[in-house]
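Here's the letter readout for the chains.
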Amino acid sequence: MEEKTTVSDAANRLAWLSLKLVPELGNRGILRLVDHFGSPAAVLEASARELSDFRGLKEAARTALLARAFTHPPAQEMEKIRRAGARILTMLDPDYPSNLRVIPDPPAVLFVKGSIEPRDLVAVAVVGSRAASTPGMAFTEGLCRDLAYGGVTVVSGLAVGIDSAAHRGALKARGRTLAVMGCGLDVDYPRSNAALREEIALSGALLTEFVLGTPPAPGHFPQRNRIISGLALGVVVVEAAHRSGSLITARLALEQGREVFAVPGMARHFRSIGPHRLLKEGAKLVESAEDILEEIAPLVRRSPESVSRERSDVPAQPLNEDESALWKVMGESPKHIDEISRDLRWPVSRVTSHRLAMELKGIVRRLPGE
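Here goes a summary of the coordinates provided. What you see is a predicted model; the values in this text were computed from it and never measured.

Let's talk about the pairing of strand β5 (residues 177-180)
Consideration 1: Residues Thr177 and Ala179 line one face of β5 and the alternating positions Leu178 and Val180 line the opposite face, and both faces are buried.
Consideration 2: With 3 bridges joining them, strand β4 (residues 153-156) and β5 adopt parallel strand pairing. Bridging across to β5, Val154 finds its partner in Thr177.
Consideration 3: For the crossover that starts at β4, traverses helix α9 (residues 162-172) and ends in the parallel β5, the hand is right-handed.
Consideration 4: Across 4 bridges, β5 lies against strand β6 (residues 204-208) in parallel orientation. From the neighbouring strand, Ala179 faces β6, where its bridge partner is Leu206.
Consideration 5: Handedness of the crossover joining β5 and β6 through helix α10 (residues 194-202): right-handed.

Have a look at this one:
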C-alpha cells in the first residue's frame, strides 16, 4: 500500500510539472484547468472536445496539451530537479505555505531548495533598493537580525542591496529566511550572491515558480513579487526610488490583505521617495523590530490555552538559547524591560523581540504598564 501511494504521488508531481512545461500556459491557466478538470492528470487526459469547450485557453496551449508537446521532456526535467537538490511543491501538498495558498494568484507549482517549516507562517518580507545606501543596508541587517531573534522568518528576493542585507541579518541571528527568485534555481543570479544562496538553502529555502534554466528576465520580477508578499504577514520597504519594484510588492501586499510598513529616510532623497509615499498613504512607520512585532502579534493565531497560560517554573514549550537566557533573568517576580536589558547587557530591541516571540508562544505574558 505504501509503494502504491509513493508511485501515485510521483505520478501526480510529474503531471503538475508537465503542465508547467506546456508552451503558452501560464499560472492562472493551470489553476483554472485543474479546478475545472479536477486534477493535473485529468487535464493531460482531456479530449480535444473537452479542451475546446474550455474557454480562455490559448490555441497554442490547447494544441500542445493534445500533442503532449512540452518545452522539455517532463521525466527528464524531474530528474534534473532531483540532481539539483531541489523538489517540486504543489498547492495540494501539506507543506505548501498556507499564507501563499490564499492569495488571488498562488503559484500552482513551486521549485524549492531547502526546507519550508510550519514556523515560516510567522514571516515578514523586507524589500528595498538594489542601489542601497550603506546606512540603509546596515539598518536592514540589524532589523532582520532582531526579527529573526524574535522567531520571525525573513522573506526577501535575493537581489543585491536591501534584499541581500535582509537575508544576511536573519542568517546572523541563526534564524529562518526564504529567498524568492525571479529565475530558475540553477541560474547563478546575481553572481555576487552565490555563497549567500547556499547559506539560505541550509537555513531556510530558495523558492521560484520558474523552471530550471529560466533566465532572470525583467518581466519575471513583478511576477515574483506577489510570492514575496504572499508568504508574509507584512511587507517592510526600507529604501525605494519613485519607480521601484519594492513599491509593486507593497501594492501587492495591500491587495493580499497584508500589513505594509516603511522605514523613513532623509527628506527629498531619491531613496526615500518610495517609503515616504507609503507612509503618507498609511503605512506603519518602522524604527525597530518591535514596531513590526507588535503589529503582527494579533495576526498570529493562538490557541485558547496559550492565551490564558501564565508563566510557571517550567517553560510550556522548548526554548532556544536566547529565550533560555531571558527566561532565567526574568525570575519569579515581574521585571521591567529596561532592567532585563541591563542584566543581560542586550539592547532593548533584542529583549523585546524575544519577549514578544515568547508571548506569542504563550510562555510569558506582558503586564499592564510596561
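Some points on empty space enclosed by the protein
Regions of empty space are outlined by a rolling probe, equal in size to a water molecule, passed over the atoms.
Consideration 1: Scanning the entire structure with this criterion turns up 1 cavity of 30 Å³ or more.
Consideration 2: Within this model, the largest cavity holds a volume of roughly 60 Å³.
Consideration 3: In this structure, the largest cavity is lined by Arg130, Gly157, Leu158, Ala159, Met181, Gly182, Cys183, Tyr189, Pro190, Phe221 and Arg224.
Consideration 4: Its residues assigned to classes, the lining of the largest cavity shows 7 nonpolar, 2 polar and 2 charged.

Topic: the pattern of salt bridges
Consideration 1: In the structure shown here, the tally under the stated rule is 21 salt bridges.
Consideration 2: Of the charged contacts, one joins Glu117 and Arg176 as a salt bridge, the two residues approaching to 3.4 Å between their closest N and O atoms. Pair noted here: Glu117 is in the loop between β2 (109-114) and β3 (123-127) and Arg176 is in the loop between α9 and β5, with a separation of 59 residues, a long-range link.
Consideration 3: For Arg176, a relative accessible area of 8% puts it in the buried group.
Consideration 4: When the shortest N-O distance is used, the salt bridge between Glu141 and Lys172 registers 2.5 Å. Of the two residues, Glu141 is situated in helix α8 (residues 134-149) and Lys172 in helix α9; the sequence distance between them amounts to 31 residues.
Consideration 5: Taken together, the shared-partner salt bridges in this structure form one network comprising Arg28, Asp105, Glu209 and Arg226.

Observations concerning helix α6 (residues 74-83)
Consideration 1: Within α6, the full set of buried residues consists of Pro74, Glu77 and Ile81. In an axial view of α6, the angular spread of the buried residues amounts to 60°, which keeps them on one side of the axis. In α6, the exposed positions that point more than 90 degrees away from the buried face belong to Ala75, Gln76, Arg82 and Arg83.
Consideration 2: Backbone geometry just downstream of α6 places Gly85 in the positive-phi region, at approximately 75°.

Each value, and the rule that gives it
Residues numbered from 1 in each chain as written. Predicted model: local features only at pLDDT ≥ 70, side-chain atom pairs only at ≥ 80, totals over all residues. Heavy atoms only, no water. Buried < 20%, exposed > 50% of the residue type's maximum accessible area, 1.4 Å probe, protein only. Helix = DSSP H or I, 4+ residues; strand = E, 2+ residues; numbered from the N terminus. Pairing = 2+ DSSP bridges. Right-handed = clockwise from strand over helix to strand, strands pointing away. 1 Å grid on protein atoms, 1.4 Å probe; cavity = no way out; pocket = protein on both sides within 12 Å on 5 of 7 lines; lining within 4 Å. Points joined across faces, edges and corners; volume = space filled by probe spheres on them. Nonpolar A, V, L, I, M, F, W, Y, C, P; charged D, E, K, R; others polar. Salt bridge = Lys/Arg side-chain N within 4 Å of Asp/Glu carboxyl O. Arc of directions from axis to C-beta.

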